Amino acid sequence: MFDTLSDRLTGVFDRLRGRGALNESDVREAMREVRIALLEADVALPVARSFIDKVTEKAVGQQVLRSVTPGQQVVKIVNDELVEMLGGEQAVPLMLEARPPVVIMLVGLQGSGKTTTTAKLARLIREKHGKKPMMASLDVARPAAQEQLKVLGEQVGVQTLPIVPGQQPVDIARRALDSARLQAVDVLLLDTAGRLHVDEALMAEMKAIAEVAAPTEVLLVVDSLTGQDAVNVAQSFSDEVPLTGVILTRMDGDARGGAALSMRAVTGKPIKFAGTGEKLDALEPFHPGRVAGRILGMGDIVSIVEK
């Protein structure tokens with residue numbers, strides 16, 4: 001991921017580092033190239049513009065142009081702004097410390113990978129946090145969606161709510177809550193239905209479910225391969241539903257990565273996880289600092305060591 005952007009930025013910064021002394025026009029020219037690189041990587045235009053404005057303002061300051069290694073200073077400023085744009089230095093954890101059952105609701109468009117992500121998240125909650133999760137599919141629109149979650153539940157060793165044919169999403173949510181309380185479940189994950197596009201019926205259904213379930217977390221699952229469109233989807237959902245975070249899927253498949261860079265700025269919500277493959281253990285906490293390091297070609301040793 002980010003390969004194209006990383007190559008472009010590394011080229012720009014190598015030239016800056018090679019110069020020794022820098023003047024304001026050098027910095028502005030480099031920033032123009034950075035801006036083009038961001039736009040080519042599918043970063044939303046307002047986000048790219050705001051990013052470049054902030055970096056330029058800091059980079060043409062006297063302490064940079066007169067420092068011993070101005071090129072390195074500019075790279076540091078870009079790195080710091082990237083981290084800020086992605087959501088600050090630290091990963092934002094799941095809120096699991098409320099009174100059980102803690103309800104996590106996953107929302108998003110059809111085909112974004114919600115059902116698989118629900119199972120991945122349930123597995124992570126069980127193995128990393130040592131809590132007892134349960135999953136429930138509220139997707140009565142897509143054929144065999146409930147069946148799919150049941151099969152995934154068996155694969156990750158997490159129980160799913162038994163399927164009652166013909167039951168509607170809000171009633172399933174109520175039954176899931178009752179069942180979770182009876183079985184002393186710590187975390188209840190609700191996999192909601194998606195549509196091919198954002199529409200009123202989808203939003204009305206999600207609001208009704210949220211009223212019944214009172215979720216602690218509402219996580220928007222977005223396919224990062226959709227690029228610019230992912231940003232529009234995130235905007236639509238954040239306008240309608242009280243999102244608490246974003247999960248980006250297929251982060252392993254997108255060399256441009258602009259969706260990841262734009263998401264935090266557009267929704268104002270943290271990216272909590274990144275799906276990095278098909279397997280059910282391929283879900284990683286999203287660390288802004290490490291991702292920024294990867295984009296700037298500095299590597300991400302910490303994640304490799306953790307693996």
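Scroll up a little and you will see the structure.
Residue positions are given per chain, counted from 1 along the sequence in the order it is written. Confidence filtering applies because this is a predicted model: local features only for residues at pLDDT of at least 70, side-chain atom pairs given and counted only at 80 or more, and all residues used for totals across whole chains, interfaces and linings. The side-chain values count all of the structure's non-hydrogen atoms but skip hydrogen atoms and water molecules.

Q: Can you break down helix 9 (residues 200-213) residue by residue, with the values?
A: Secondary structure elements are defined from DSSP: runs of H or I of at least 4 residues count as helices, runs of E of at least 2 residues count as strands, and each element is numbered from the N terminus. In a helix, the anticipated span is given by 1.5 Å times the number of residues less one. In a regular helix each residue adds 1.5 Å, so 14 residues correspond to 20 Å; helix 9 covers 20 Å between its end C-alpha atoms and thus fits that length. Residue contacts are defined here by distance: any two heavy atoms, one from each residue, within 4.5 Å place the two residues in contact. Among the structural elements, strand 1 (102-107), helix 8 (169-182), strand 4 (187-191) and helix 10 (228-240) are those in contact with the buried residues of helix 9. Directly beyond the C-terminal end of helix 9, a positive phi value near 45 degrees is found at Ala214.

Q: Describe helix 10, and please don't skip the residues or the numbers.
A: For helix 10, which comprises 13 residues, the first-to-last C-alpha distance of 19 Å matches the rise-based estimate of 18 Å (1.5 Å per residue) to within 8%. Per-residue accessibility, obtained with a 1.4 Å probe over protein chains only, is compared with the maximum for each type, and a residue is labelled buried under 20%, exposed over 50%, and partly exposed between these values. Here helix 10 has its buried residues at Ala230, Val231, Val233, Ala234 and Phe237. For helix 10, the arc enclosing every buried residue in end-on projection is 160 degrees, short of the 170-degree limit, so these residues lie on one face. Taken together, the buried residues of helix 10 touch strand 1, helix 9, strand 5 (217-223) and helix 11 (258-267). Each direction from the helix axis to a C-beta atom contributes to the arc, which is the arc of those directions.

Q: An account of the packing of helix 8 against helix 9 is needed here, citing residue identities and associated values.
A: Packed helix pairs are characterised by how far apart their axes lie and by the angle those axes make with each other. Note on method: axes are straight lines fitted to C-alpha atoms, helices fitted across the in-contact stretch only, with angles between N-to-C directions ranging 0 to 180 degrees. Two elements in contact, helix 8 and helix 9, have axes separated by 9 Å at closest approach and are oriented at 20 degrees. Compared by their axis directions, helix 8 and helix 9 come out roughly parallel. The handedness of the crossing between helix 8 and helix 9 is right-handed. Each of Pro169, Val170, Ala173, Arg174 and Leu177 in helix 8 lies in contact with helix 9, whose residues at this interface are Glu205, Ala208, Ile209, Val212 and Ala213. Per-class residue counts for the contact of helix 8 with helix 9 are 8 nonpolar, no polar and 2 charged. For this classification, under 35 degrees means roughly parallel, over 145 means roughly antiparallel, 65 to 115 means roughly perpendicular, and everything else is oblique. The crossing is said to be left-handed when, going from far helix to near helix, the turn is anticlockwise and less than a right angle, and right-handed when the turn is clockwise. Throughout, the ten residues Ala, Val, Leu, Ile, Met, Phe, Trp, Tyr, Cys and Pro are labelled nonpolar, Asp, Glu, Lys and Arg are labelled charged, and all others, Gly among them, are labelled polar.

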